[in-house]
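# What the coordinates show
The lines below spell out each chain.
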Amino acid sequence: DQQVKQNSPSLSVQEGRISILNCDYTNSMFDYFLWYKKYPAEGPTFLISISSIKDKNEDGRFTVFLNKSAKHLSLHIVPSQPGDSAVYFCAATIYGQNFVFGPGTRLSVLP
Amino acid sequence: DAGVTQSPTHLIKTRGQQVTLRCSPKSGHDTVSWYQQALGQGPQFIFQYYEEEERQRGNFPDRFSGHQFPNYSSELNVNALLLGDSALYLCASSPRPSDTQYFGPGTRLTVL
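A short tour of the structure in this document, coming up. Predicted model, so just to flag it, every value in this text is computed and none were measured.

## Observations concerning the pairing of strand β5 (residues 44-50) of chain B
Side chains on a regular strand alternate between the two faces of the sheet. All names here are of chain B. When you tally the buried positions in β5, you get six out of seven residues, the bulk of the element. Note: strand β4 (residues 31-37) against β5, six bridges, orientation antiparallel. Each residue of the ladder has a partner; that of Y35, found in β5, is F45. The hairpin turn running from β4 into β5, its antiparallel successor, is six residues long, and G40 in that turn takes a positive phi close to 80°. If you look at the hairpin formed by β5 and strand β6 (residues 53-57), you'll find two residues sitting between the two strands, and E51 has a positive phi there, around 55°.

Given below as C-alpha cells:
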C-alpha cells in the first residue's frame with residue numbers, strides 16, 4: 001500500500017518555463033511534507049518543506065503548495081533551469097517519525 | 001564542513017553472506033537513519049538510531065540490524081543476504097530525530 005504517490009514518472013519542461021511536480025498521499029495523519037532532489041550517484045538533497053498548518057511555502061525559485069482536503073501537494077519551480085534536471089522525491093511524516101517517500105518524478109529541463 | 005559520508009561506495013556479495021555498511025553523520029547531527037532504495041523506487045525507511053539506541057523501525061525483517069557508536073557514526077548489518085537485498089542503501093542524519101534529514105551518497109549493494 002503506497003501511502004505517498006507520484007503518478008508522473010517523468011516530466012519534460014523548456015528552460016525558463018514553470019515545472020510543476022505533483023504528489024498525492026493517502027494518510028491524513030501526515031503533518032509534515034518535504035521535497036528532495038536527487039542527481040545520479042548522489043544522495044537525495046533537501047529542497048523545501050511544508051507543515052500541514054500551512055498551504056504554501058516559498059524559497060527562491062521553489063514553491064510548495066499543500067491542499068489538505070485533496071491530500072495533494074505540488075512543487076513549482078520558476079523559472080526552470082537545466083541544472084534542475086534530476087529525480088524529485090516527495091516525502092511525508094507524522095511527528096517526524098518514519099519518513100515515507102514517493103517513487104520519484106524525473107524532471108528534464110530542455111535548453 | 002563534511003556532509004554525511006558512507007562507505008564503501010559499492011559492494012558485491014553472494015546470497016547467504018553478511019554485509020556491514022558504515023555511515024558518518026554531518027557535523028552536529030546525532031541522529032542517523034537508514035533507507036533502502038530499490039531501482040525505480042523511492043527510499044524506504046529501515047530504522048533510526050539516536051543516543052545509541054534504535055528509536056524507530058520500518059517494515060524490514062530482523063536480518064537488518066544496526067548500531068550507533070558514541071561518536072554518532074552508525075553501521076547497518078544485513079545477514080543471510082537475498083537477491084532482493086540488492087539496492088542503494090542510504091544513510092541520513094539530522095540534528096534531532098524529528099528534524100529534516102540530510103542524505104549521504106549511498107552504498108550500492110549487489111547480491112549475486
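## Some remarks on the state of the cysteines
All names here are of chain A. Under the definition given, this model contains two disulfides over all chains. Two residues, C23 and C90, share a disulfide whose sulfurs are 2.1 Å apart. Its S-S torsion of about -70° marks the bond between C23 and C90 as left-handed, since a negative value means left-handed. Of the two residues, C23 sits in strand β3 (residues 19-25) while C90 sits in strand β9 (residues 86-94), which places them 67 residues apart along the sequence. Side by side, C23 and C90 carry an identical accessibility label, which is buried.

## Things to note about the sheet that holds strand β1 (residues 4-5) of chain A
Residue and element names in this part refer to chain A. A sheet is described by the order of its strands in space; here five strands give the open sequence β1-β3-β8-β7-β6, paired in antiparallel fashion. On the outer flanks of this sheet lie β1 and β6 (56-59), each paired with one strand and no other. Pairing analysis gives six bridges linking β3 to strand β8 (residues 72-77), with the strands arranged antiparallel. The residue bridging L21 from the neighbouring strand is L75, located in β8.

## Details of the pattern of salt bridges
Residue and element names in this part refer to chain B. Scanning the entire structure with this criterion turns up seven salt bridges over all chains. Between R22 and E75 there is a salt bridge; the shortest N-O distance is 3.4 Å. With R22 in strand β3 (residues 19-24) and E75 in strand β8 (residues 74-78), the pair connects residues that are 53 residues apart, well separated along the chain. Exposure remark for E75: the relative accessible area of 18% places this residue in the buried category. Linking E51 and R55 is a salt bridge whose minimum nitrogen-to-oxygen distance equals 3.0 Å. Given a relative accessible area of 40%, R55 falls into the partly exposed group.

## Focus: the interface of chain A and chain B
Chain A puts 18 residues into the contact, and the matching count from chain B is 20 residues. Interface area, chain A with chain B, both sides summed: about 1,300 Å², of which 57% is carbon and sulfur. On inspection of chain A and its partner chain B, the count reaches three residue pairs in polar contact (both at pLDDT 80 or more). Of all the secondary-structure elements, those providing two or more residues to the side of chain A that touches chain B are β4 (32-38) and β10 (97-101) of chain A. Broken down by class, the residue content of the side of chain A that touches chain B amounts to 11 nonpolar, five polar and two charged.

## A short note on the side chain of B:E75
A polar contact of 3.4 Å, which involves the side chain of B:E75, links it to the side chain of B:R22. Setting aside anything within four residues of it in sequence, one finds B:E75 in contact with B:T20, B:L21, B:R22, B:W34, B:S65, B:G66, B:H67 and B:F69.

## Brief notes about unusual backbone geometry
A:P79 follows A:V78 through a cis peptide bond whose omega is -10°. Residues B:S7 and B:P8 are joined by a peptide bond in cis, for which omega reads -5°. Take B:P8: it is sitting in the loop between β1 (5-7) and β2 (10-13). Positive phi, close to 40°, is recorded for A:N98, a residue that is not glycine. Considering the arrangement of structural elements, one finds A:N98 in strand β10. We note that B:A80 has phi near 45°; this positive angle belongs to a residue other than glycine. Tracing the backbone through its elements, the reader meets B:A80 in the loop between β8 and β9 (87-94). For B:A80, a relative accessible area of 39% translates into the label partly exposed.

Reading the values: the criteria
- Residues numbered from 1 in each chain as written.
- Chains lettered and ligands numbered in written order.
- Predicted model: local features only at pLDDT ≥ 70, side-chain atom pairs only at ≥ 80, totals over all residues.
- Heavy atoms only, no water.
- Buried < 20%, exposed > 50% of the residue type's maximum accessible area, 1.4 Å probe, protein only.
- Helix = DSSP H or I, 4+ residues; strand = E, 2+ residues; numbered from the N terminus.
- Pairing = 2+ DSSP bridges.
- Disulfide = S-S within 2.5 Å.
- Salt bridge = Lys/Arg side-chain N within 4 Å of Asp/Glu carboxyl O.
- Contact = heavy atoms within 4.5 Å.
- Buried area = accessible area lost by both parts, 1.4 Å probe.
- Polar contact = N/O pair within 3.5 Å; in protein donor to acceptor, adjacent residues only side chain to side chain.
- Nonpolar A, V, L, I, M, F, W, Y, C, P; charged D, E, K, R; others polar.

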